[in-house]
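Commentary on secondary and tertiary structure
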Amino acid sequence: MEKIKLNLPDFEYKELTWIEQDNVSSQGRSAEYEEQNEYYRSIGFTVDNTTYYQCFEVGKDIHDFCKTIFSRYSVSIFKQPPGSTLPVHEDTFYRFAELNGIDPYQCCRVNIFLEDWKSGHYLEINGNPVLQWKKGDAIVIKREQPHLSGNMGVEPKYTMQITGVINELKRR
């Protein structure tokens, strides 16, 4: 698990136009993704306990920041409400790789914590818990690195995900 520290500018990220998503509904994505969601349903995950919010339409200030991380990137802001779980999964980077004409194994995601850790906020990667983070702490996630996220706290957990090409990562 690779950790990096970033100096985050102040972004407005709480009042965005959010898209509600979950990890059990059929979403017409890849067969691999749909099989994963079917598995989650079969072991008891529901819309109620896997709902999260994502925003892909971000401002120029966020795009300017992303350009200091990667040359080519996609970005989203992730809001995980109290009581929500993102079950263990591996990112495939399929869409980003396809749009950029590269192998998905050349991709990574930088998961950036937008606020200091709060009680009940949880991330795990490769079986290792990540806790007590500070605003601007980040984790680099590559293919075949299982990870999960949960919010057992009383306040939403906010992160930014910037997906890009591993050898173009400018901050190490």
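An account of the accompanying structure is given in this report.

Criteria and thresholds
Residues numbered from 1 in each chain as written. Predicted model: local features only at pLDDT ≥ 70, side-chain atom pairs only at ≥ 80, totals over all residues. Heavy atoms only, no water. Pairing = 2+ DSSP bridges. Helix = DSSP H or I, 4+ residues; strand = E, 2+ residues; numbered from the N terminus. Axes fitted to C-alpha atoms, helices over the stretch in contact; angles between N-to-C directions. Buried < 20%, exposed > 50% of the residue type's maximum accessible area, 1.4 Å probe, protein only. Lys, Arg positive; Asp, Glu negative; His and termini not counted. Salt bridge = Lys/Arg side-chain N within 4 Å of Asp/Glu carboxyl O. Polar contact = N/O pair within 3.5 Å; in protein donor to acceptor, adjacent residues only side chain to side chain. Expected span 1.5 Å × (residues − 1). Arc of directions from axis to C-beta. Contact = heavy atoms within 4.5 Å.

1. Observations concerning the sheet that holds strand β8 (residues 128-130)
If you trace the 4 strands from one edge of the open sheet to the other, you get β5-β10-β7-β8, paired in antiparallel fashion. Edge strands, defined here as strands with exactly one partner in the open sheet, are β5 (85-89) and β8. Pairwise comparison of adjacent strand axes, ignoring direction, gives a mean angle of 20° for this sheet.

2. Examining the side chain of Asp-22
Looking at where Asp-22 falls in the secondary structure, it is placed in the loop between β2 (19-21) and α1 (31-42). For the buried Asp-22, no salt bridge exists, and the shortest N-O distance to an oppositely charged side chain is 6.5 Å, to Arg-41. In this structure the side chain of Asp-22 is engaged in a polar contact, spanning 2.8 Å, whose partner is the backbone nitrogen of Val-24.

3. Considerations on unusual backbone geometry
Most peptide bonds take the trans form, and the phi angle of most residues other than glycine is negative. The backbone of Phe-93 sits at a positive phi, close to 60°, despite the residue not being glycine. Looking at the element boundaries, Phe-93 is found in the loop between β5 and α4 (94-100). Although it is not a glycine, Glu-144 sits at a positive phi angle of roughly 60°. Topologically, Glu-144 is positioned in the loop between β9 (137-142) and β10 (147-151).

4. Considering α1
A rise of 1.5 Å per residue sets the reference length of α1, with its 12 residues, at 16 Å; its end C-alpha atoms lie 16 Å apart and thus fit the reference within 8%. Of all the positions in α1, only Tyr-33, Glu-34, Asn-37 and Tyr-40 are classed as buried. Relative to the axis of α1, the buried residues are bounded by an arc of 115° and lie together on one face. For α1, the exposed residues lying more than 90 degrees away from the buried face are Ala-31, Glu-32, Glu-35 and Ser-42. If you follow the buried residues of α1, they end up packed against β3 (52-55) and β5. Taken from the residues just after α1, Gly-44 is the one with a positive phi, measuring 110°.

5. So, the pattern of salt bridges
Taken as a whole, this structure holds 10 salt bridges when the rule is applied. Glu-38 is paired through a salt bridge with Arg-41; the nearest N and O atoms lie 2.6 Å apart. With Glu-38 and Arg-41 both in helix α1 and 3 residues apart, this pair spans about one turn of that helix. Overall, the relative accessible area of 33% leaves Arg-41 in the partly exposed class. Among the salt bridges present, the one from Lys-118 reaches Glu-155, with a minimum N-O distance of 3.6 Å. Remark: Glu-155 occurs in the loop between β10 and β11 (157-165) and Lys-118 occurs in the loop between β6 (107-113) and β7 (121-125); sequence separation between them is 37 residues. Using a relative accessible area of 22% as the deciding quantity, one classes Lys-118 as partly exposed. One network of salt bridges, with partners in common, ties together Lys-14, Glu-115, Lys-118 and Glu-155.

6. Overview of the pairing of β3
Bridging between β2 and β3 involves 3 bridges; their strand directions are antiparallel. Note on β3: the bridge partner recorded for Ile-19 is Gln-54. The pairing of β3 with strand β4 (residues 73-80) spans 3 bridges and is classified as antiparallel. Note that in β4 the partner of Cys-55 across the bridge is Ile-77.

Read these as spatial facts, not as claims about activity.
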